[in-house]
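Below are the chains, spelled out letter by letter.
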Amino acid sequence: MTKYKNQFIEKLQESWEKELVSAVTAIVSEVFISDYLKLLTKADGIQPMNLAVVKAHYADEMVHGKVFKLLAKNMFANLNTEQREFFADVLYLPSVWFADNELDVWLSALQQINFKNAESMIADTKLRNASNIENLDFSEVNFLARELGIVPKTELYLNCNY
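Let me begin by describing the structure that accompanies this report. (Residues numbered from 1 in each chain as written. Predicted model: local features only at pLDDT ≥ 70, side-chain atom pairs only at ≥ 80, totals over all residues. Heavy atoms only, no water.)

### Some points on the nonpolar core
As a rule of thumb, nonpolar side chains are buried together in soluble globular proteins. To be explicit about the condition: Only buried residues count toward a nonpolar core. Its members are Ala, Val, Leu, Ile, Met, Phe, Trp, Tyr and Cys residues joined through side-chain atoms within 4.5 Å. Exposure categories follow from relative accessible area, calculated using a 1.4 Å probe and restricted to protein chains: below 20% of the type maximum is buried, above 50% is exposed, and the middle band is partly exposed. Secondary structure elements follow DSSP: runs of H or I no shorter than four residues count as helices, runs of E no shorter than two count as strands, and numbering proceeds from the N terminus. Here, residues are in contact when the closest pair of their heavy atoms is within 4.5 Å.
Judged by nonpolar contacts, the single largest core of 33 residues is most densely connected at Val-21, Phe-87, Leu-91 and Ile-150. Only α1 (2–10), α2 (15–41), α3 (48–77), α4 (81–90), α5 (93–99) and α8 (139–148) provide two or more residues apiece to this core. It is α2 that provides the largest number of residues to this core, a total of eight residues. Dropping the residues within four chain positions of it, Val-21 is found in contact with Lys-5, Phe-8, Ile-9, Leu-12, Phe-86, Val-90 and Trp-97.

Now the structure itself:
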């Protein structure tokens, strides 16, 4: 996620745009991780100890995730029209960035340990990575958008290349 955020920020001219992208990324990642952990708490086949860790992490996220929503509301209320439009335009990007498996990092790690057929394994996995984005659950981000008075735009982000 950080790699994509930094690449996106490099293209921006205004310091306020860069600051907003960083803030939106922090806010959305906190909101989005809650959705992801919620799914994991209901998944079959997770070992009991791992499930206990996921449930504890989810409970923790539910407590402080509200702080980030309040931060978003306060921040959004103090933005001018141009900044609000920019905020709305970038609101869903961190969700898409979050869904990426960062396969280039995995390839590097596997190559460092001389893992046999690492390149072909990662190439096969890249095909599945696209479905991660198609199957994103934007419900909490949509809820936040509505609370801010932003019309949800999830369909615009399903095919983005950020």
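### Considerations on the packing of aromatic side chains
Heads up, the rule is: For Phe, Tyr and Trp, rings pair up if their centres lie within 6.5 Å, where Trp contributes its six-membered ring, and each pair is then called stacked (planes under 30 degrees apart), edge-to-face (over 60) or tilted (otherwise).
What the rule picks out here adds up to three aromatic pairs. When the centroid spacing of 5.9 Å and the interplanar angle of 55 degrees are considered together, the rings of Phe-8 and Trp-97 count as tilted. Here Phe-8, found in helix α1, pairs with Trp-97, found in helix α5; they are 89 residues apart in sequence, far enough to count as distant. On the accessibility criterion, Phe-8 (13% relative accessible area) is buried. The interplanar angle of 80 degrees and the centroid separation of 5.5 Å between the aromatic rings of Trp-16 and Phe-86 together place this pair among those described as edge-to-face. Within this pair, whereas Trp-16 is found in helix α2, its partner Phe-86 is found in helix α4, the two being separated by 70 residues in sequence. A relative accessible area of 18% means that Trp-16 is categorised as buried. Owing to a relative accessible area of 12%, Phe-86 belongs among the buried residues under this scheme.

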